[in-house]
Amino acid sequence: MTRILLLGGGKIGEAIATLLGESGDYQIVVGDRTAQALAGVAALPRVTPQVIDASDEDAVAAAAGGAFAILSACPFFLTVGIARAARRVGAHYLDLTEDVASTAEVRVLAEGASHAFIPQCGLAPGFISIAANDLAQRFDSLDSLRLRVGALPRFPTNGLKYNLSWSTQGLVNEYLRPCEAIVDGRLTTVQPMDGLESFSLDGVAYEAFNTSGGLGSLCETYAGRLRALDYRSVRYPGHCALMKVLLDDLGLSRRPDLLCELLDAGLPITAQDMVLVLVTARGQRQGRFIEESLISRIFGKQVAGRQLSAIGLTTASGITAVLDLLVEGALPDRGLIRQEDIPLPLFRANRFGRNYWPDEAEAAQSPQAPARPSPDLCPA
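Residues numbered from 1 in each chain as written. Predicted model: local features only at pLDDT ≥ 70, side-chain atom pairs only at ≥ 80, totals over all residues. Heavy atoms only, no water.

### Structural notes on the overall build of the chain
Looking only at helices and strands, the chain features 12 helices and 18 strands. Relative to the globule expectation of 21 Å for 380 residues, the C-alpha radius of gyration of the chain, 20 Å, shows essentially globular dimensions. Considering only C-alpha atoms, the chain reaches an extent of 55 × 50 × 45 Å along its principal axes. Within the chain, the proportion of its 380 residues that are buried is 54%. Restricting to contacts in the chain with at least 6 residues of sequence separation, those with at least 24 account for 68%. Of the accessible surface of the chain, which amounts to about 15700 Å², a share of 50% is contributed by carbon and sulfur atoms. For the chain, the centre of its 34 positive side-chain charges and the centre of its 42 negative side-chain charges are spaced 2 Å apart. (Helix = DSSP H or I, 4+ residues; strand = E, 2+ residues; numbered from the N terminus. Rg over C-alpha atoms; globule rule 2.2 N^0.38 Å. Buried < 20%, exposed > 50% of the residue type's maximum accessible area, 1.4 Å probe, protein only. Contact = heavy atoms within 4.5 Å. Areas by Shrake-Rupley, 256 points an atom, 1.4 Å probe, with all protein chains shown as cover. Lys, Arg positive; Asp, Glu negative; His and termini not counted. Charge placed at Lys NZ, Arg CZ, Asp CG, Glu CD.)

### Focus: the state of the cysteines
Using the criterion set out here, one finds 0 disulfides in the structure. Not part of a disulfide, C74 finds its nearest cysteine sulfur in C121, a span of 14 Å. Lacking any disulfide linkage, C179 is separated from the closest cysteine sulfur, that of C219, by 10 Å. Note on C179: relative accessible area 3%, which makes it buried. (Disulfide = S-S within 2.5 Å.)

### Brief notes about the sheet that holds strand β1 (residues 2–7)
Taken together, 7 strands build an open sheet; the order of strands is β3-β2-β1-β4-β5-β6-β17 and the sheet is parallel. Of all the strands in the sheet, the pair left with one neighbour each is β3 (47–51) and β17 (335–336). By the bridge criterion, 6 bridges tie β1 to strand β2 (residues 26–32) in an arrangement that is parallel. Its bridge partner being in β2, I4 is matched across the sheet by I28. In the packing of helix α10 (residues 310–327) onto the sheet, contacts are made with β1, β2, β4 (69–72), β5 (92–95) and β6 (116–118), and the angle to β5 comes to roughly 160°. (Pairing = 2+ DSSP bridges. Axes fitted to C-alpha atoms, helices over the stretch in contact; angles between N-to-C directions.)

### A word on the pattern of salt bridges
Oppositely charged side chains are able to pair whenever their charged atoms sit close together. Within the structure shown, the criterion is met by 20 salt bridges. The salt bridge involving D230 is made with R148; its shortest N-O contact spans 2.7 Å. Residue D230 is located in strand β12 (residues 228–235), and its partner R148 is located in strand β7 (residues 141–153); the two are separated by 82 residues in the primary sequence. For the pair D230 and R148, one class covers both residues: buried. One continuous salt-bridge network, built from bridges that share partners, spans R146, R148, E197, D230 and R232. (Salt bridge = Lys/Arg side-chain N within 4 Å of Asp/Glu carboxyl O.)

### Structural notes on the nonpolar core
Core analysis: the biggest nonpolar cluster contains 90 residues, and I16, L71, L94, L145, L147 and L229 have the highest contact counts within it. Excluding its chain neighbours within four sequence positions, the residues that come into contact with L94 are A69, I70, L71, S72, I118, C121, I319, V322, L323 and L326. Among the nonpolar cores identified, the runner-up in size contains 24 residues, and L7, I52, A61 and V106 belong to it. (Core = buried A, V, L, I, M, F, W, Y, C linked by side-chain atoms within 4.5 Å.)

### Thoughts on helix α9 (residues 256–266)
Listed as buried for α9 are L259, C260 and L263. Buried residues of α9, seen end-on, are gathered within an arc of 100° and therefore sit on one face of the element. Seen from the buried face of α9, the exposed residues on the opposite side, beyond 90 degrees, are E261, A265 and G266. The elements touched by buried residues of α9 are α6 (168–176) and α8 (239–249). (Arc of directions from axis to C-beta.)

### Describing the packing of α6 against α9
With their axes 10 Å apart at the nearest point, α6 and α9 run at an angle of 130° to one another. Judged by the angle between their axes, α6 and α9 are oblique. In this structure, the crossing between α6 and α9 has a hand that is right-handed. When α6 is examined against α9, the residues T168, Q169, L171, V172 and L176 are found in contact with a partner set consisting of P256, L259, C260, L263 and D264. Looking at the contact of α6 with α9 residue by residue, the class counts come to 7 nonpolar, 2 polar and 1 charged. (Parallel < 35°, antiparallel > 145°, perpendicular 65-115°, else oblique. Left-handed = near helix turned anticlockwise from the far one by under 90°. Nonpolar A, V, L, I, M, F, W, Y, C, P; charged D, E, K, R; others polar.)

### Things to note about the side chain of D32
In this fold, D32 is placed in strand β2. For the buried D32, no salt bridge exists, and the shortest N-O distance to an oppositely charged side chain is 4.9 Å, to R33. A polar side-chain atom of D32 sits 2.8 Å from the main-chain amide nitrogen of G9. Residues within four places of D32 in sequence aside, it is in contact with G8, G9, G10, A37, L38, Q50, V51 and I52. (Polar contact = N/O pair within 3.5 Å; in protein donor to acceptor, adjacent residues only side chain to side chain.)

### Details of the confidence of the model for the chain
Looking at the chain, the pLDDT average stands at 91 and 94% of residues meet or exceed 70. Note on residues 366–380: pLDDT is under 50 here. Beyond four places in sequence and across chains, it has 21 contacts. (pLDDT = per-residue confidence, 0-100.)

### Section: the packing of helix α1 (residues 11–23) against α10
A packed helix pair is summarised by two numbers, namely the angle formed by the two axes and the spacing between the axes. Between α1 and α10, whose axes approach to 8 Å, the crossing angle comes to 55°. Taken together, α1 and α10 sit at an angle that is classed as oblique. Regarding α1 and α10, the two cross each other, and that crossing is right-handed. The segment α1 lies against α10, with I12, A15, I16, L19 and L20 engaging I311, G312, T315, A316, S317, I319, T320 and L323. A breakdown of the residues in the contact of α1 with α10 according to their chemical character gives 9 nonpolar, 4 polar and no charged.

Here it is, written out as structure tokens:
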């Protein structure tokens, strides 16, 4: 079995360990700073919990000896030290970070590396870039790419119409950091929480607004190739206005630690969530101005007797699918690999990647059941 060091035993780390352990092909050491933080992974098959301080680069390097890869499911501010440890020991490196500055430092570490560095392997950034790049290739010339992603409670009961289902620190970071975009053909930054828009799908109303990090490296990849490229997080109507009260009127944008504390204390965690993915591309094809959209809704499911939330399942499926492809030799084994370098057909055919297409995943588990047509590509 392939030996992996997974750092971070929280909600997403537990989902990653569950998928990898259940597959039977990986031996996973899961590290976190206390035994209590590792309690959720202790009983998983083929998982060894180990107390490791991920902020200690030497401790990470020592624990990673002989590992094929280091996977980081830690908060964004630990990213660079973990990546440095991977470079030191010659292990492949994969992470989930949405933080732009941390990713820039990982890209520098990847230069001349003997192993692969694959940052931003989650949902957004991550899968959303793979999907957007594939959709863009269907056009003779591209006008715009719009990426919208939401991790939403299925049964919202509070004024924010939101529940915690992943890292609170990551969420707050997305709401506070500048956002990359391409506007009128120019690479620029736009403010988080701006760009509020409304739309509906199947009779359900949503809103979307700028948040940081979801584009990964797409702005760099598509600079000079289209008029508009942006990423916005999807929420239920009213969320943006209430968050602006907290961030601006109450000044919590200057106290992100306090905002995290308030959200953790006041918003319950839920596994009854839904992930909504919407990518829309416009451009020219055979002399006509065409729009196409890729739409997917993913719900949580049970794996190895554990209920994984939709955000846990999709985020974990992103990094585990990329890991699988790396182990199989389907991806380059050294240097920086951007998410948009990963072919969507390979990702979609992967056992973990299929979790983004629930109907196809069910069909794969029931070979005698007729495959149902995929509804995810909706031409205008």
